[in-house]
Amino acid sequence: MNISPWPSIYLPQLPIEIAPLVLQTPFGETTYQSAETKMYVCGITPYDATHLGHAATYLTFDLINRYLRLQGSTVKFAENITDIDEPLLERAQRDSVDWKSLALTQVQLFQSDMSALHIIPPQSFVPATSAMDLVESAISRLKVNGFVYELGKDLYFDVSSFLDSLPISVDEAVAVFASRGGDPLREGKKHPLDPVLWIGNRDDEPGWKSEHGFGRPGWHIECCVISLRYLLGADYLDSARSLGDASFLIDIQGGGSDLIFPHHFMSAAQAKALTGREFSASFIHTGMIGLDGEKMSKSKGNLVFVSKLIEDGCDPMVIRFALMSSHYSEDRMWSNELLLNAQNKVDRIRVNLSKTEVAPALPLLREISNALANNLDTEKALQSIEDWCTASENAPSVDEAGLVARGLDSLLGLAL
Ligand code: ZN
């Protein structure tokens, strides 16, 4: 599948000093102040449109991307599309459609949702099906490095030397692995947690020719090679080795908190097995979105889709505002009330932005910027806008609504 990212978005610069971004990560506080930031965010499996959980995740990394760029960092940003995987093939079979056309339709829908939500596209938006040569050569290198074994037609990654850094106990990990696409019970594996690298072709399933046989890649190796290739360059396997031992391969690995294990753990282990180097300097995970007090999930059938909300007349900027009204790292609830509340607040901001005289812009922009610098405190940033609205209604003094509008657009992606 050949896919281009969605259209790029202009980022207005601001006349304020931007403090370095500080985020709380599982390994403590990380301050981002490099001239260049390499960010990889795990993309969608395109069998269903963008639901609010996806939107919240990509919105979070959009806020990070915007902030780092305003701070003066060059952000190299790559995102994959898992356009060949079990759930996609199952959905295509269930609906009697070709898996490729299902993937293409859903990717296009995702792109229009991202555009509507005013999310800056990655420079590299890479379908797994276009990365087969990368997967093939990475598996060859893993074989040379001694991390691969065969089981039937499949190839497995030997994870044993990385188990010391498991984020949970082995028993818990085995249970989670089984619930998220792993096969801990398969007979003949060296360790129950070893993930599949290359899935030898089964009857009438799609596959690709490779020196490892006809088949398709496992999920973790896909993200591992796409992130390294598109963030480090075409000679990534060798250039990664020549970098200083102490430096990490990339700066940010991101995704929903459901990816902590096994996906991010396994991708990082494979990157280290390939290059001898630690994968990412930081891991950022976004909380899950529930609906009206319940977990939102495919199995419950209660997913709320961005395209459906927009189709029903909802303003994408109101969706964006509502998603920013609580902290990115927390599991949180979505409701109609939240949406209505966001609509009222956005309406109020628009009324104030349309006035000739408002409260001063720069103190507001500094407050928003400082709130974001402090672990992306969007709740506080939105409160500052409300306070600015109150001040603009009570004591308007300057002709600076245009600057406020540009600031909200740059810092928060609110194009109002
Ligand atoms: Zn991934």
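Everything numeric here is computed off the predicted structure, so don't read it as measured data.

Definitions and limits used
- Here the residue index of a chain counts from 1 through its sequence in written order.
- Reporting in this predicted model follows two pLDDT cut-offs: at least 70 for local features of residues, and 80 or more for side-chain atom pairs to be given and counted; totals over whole chains, interfaces and linings ignore these cut-offs and use all residues.
- Water and hydrogen atoms play no part in the side-chain values, which are based on all heavy atoms of the structure.
- Donor atoms are limited to N, O and S found within 2.8 Å of the metal ion, a distance that becomes 3.2 Å for Na, K and Ca. With water left out, some sites might look partial.
- Helical segments are the DSSP runs of H or I of at least four residues, strand segments are the runs of E of at least two, and each set is numbered from the N terminus.
- Only protein chains enter the accessibility calculation, which uses a 1.4 Å probe; a residue whose area is less than 20% of its type maximum is buried, one above 50% is exposed, and one in between is partly exposed.
- Note on pairing: DSSP must find at least two bridges between two strands before they are called paired.
- Centres within 6.5 Å make a pair out of two Phe, Tyr or Trp rings, where for Trp the six-membered ring is used; the pair is then stacked when the planes are under 30 degrees apart, edge-to-face when over 60, and tilted otherwise.
- Domain start and end points were adopted from an automatic or database domain assignment.
- Residues are treated as being in contact if the distance between any of their heavy atoms lies within 4.5 Å.
- Accessible area that two parts lose when put together, evaluated with a 1.4 Å probe and summed over both, is termed the buried area.
- Salt bridges are counted wherever a side-chain nitrogen of Lys or Arg sits within 4 Å of a carboxyl oxygen of Asp or Glu.
- Sulfur atoms of two cysteines make up a disulfide when they are within 2.5 Å.

The protein atoms that coordinate the zinc ion are Cys 42 (SG), Cys 223 (SG) and His 263 (NE2), at distances of 2.0 to 2.1 Å. For the zinc ion, the single-chain donor residues occur in sequence as C-x180-C-x39-H. Here Cys 42, found in the loop between strand 3 (36–41) and helix 1 (52–70), pairs with His 263, found in helix 8 (residues 260–275); they are 221 residues apart in sequence, far enough to count as distant. Here Cys 42 matches His 263 in class, with each residue buried.

Here the focus is the pairing of strand 1 (residues 21–25). Only one face of strand 1 is buried, namely the one carrying Leu 21, Leu 23 and Thr 25, since none of Val 22 and Gln 24 on the opposite face is buried. Between strand 1 and strand 2 (residues 28–32), which pair antiparallel one after the other, the connecting turn spans 2 residues.

Here the structure, examined in full by the defined rule, presents 10 aromatic pairs. Measuring from centroid to centroid gives 5.9 Å for Phe 147 and Phe 157, while their planes differ by 20°, and the two rings are stacked. Of this pair, Phe 147 sits in the loop between helix 4 (132–144) and strand 6 (148–151) while Phe 157 sits in strand 7 (residues 154–157), and the two are 10 residues apart along the sequence. You can call Phe 147 buried: its relative accessible area is 16%. Centre to centre, the rings of Phe 147 and Phe 162 are 5.8 Å apart; their planes meet at 35°, and the pair counts as tilted.

Further remarks concern the domain arrangement of the protein chain. One can read the domain layout of the protein chain as domain 1 (21–286) and domain 2 (305–412). Taking only C-alpha atoms into account, the centre of domain 1 sits 33 Å from that of domain 2. Taken residue by residue, the interface counts 29 residues in domain 1 and 27 residues in domain 2. Here domain 1 meets domain 2 over a buried area of about 2400 Å², counting both sides, of which 67% is carbon and sulfur. Considering only the surface of domain 1 that becomes buried against domain 2, Leu 52, Leu 63 and Leu 117 emerge as the three largest contributors, covering 26% of it. At the boundary of domain 1 and domain 2, one finds 2 salt bridges. Note that Arg 66 and Asp 409 form a salt bridge whose closest N and O atoms lie 3.9 Å from each other. When residues of the side of domain 1 that touches domain 2 are traced back to their parent elements, those giving at least two are strand 1, helix 1, helix 3 (99–116) and strand 11 (280–286). The dominant element in the side of domain 1 that touches domain 2, judged by the number of residues it contributes, is helix 1, at 11 residues.

This part takes up the pattern of salt bridges. All told, the structure shown has 16 salt bridges when counted by the stated rule. For Arg 216, the salt bridge goes to Glu 86, with nearest N and O atoms at 3.1 Å. With Arg 216 in strand 9 (residues 215–217) and Glu 86 in helix 2 (residues 86–94), this pair connects stretches of sequence that are 130 residues apart. Through salt bridges with shared partners, a single network forms among Asp 62, Arg 66, Arg 320 and Asp 409.

Here we take up the state of the cysteines. Under the counting rule described, the total for this entry stands at 0 disulfides. The thiol sulfur of Cys 224 is not disulfide-bonded, and the nearest other cysteine sulfur, from Cys 223, lies at 8.9 Å. Taking the relative accessible area as the measure of exposure, Cys 224 reaches 0% and is therefore buried.

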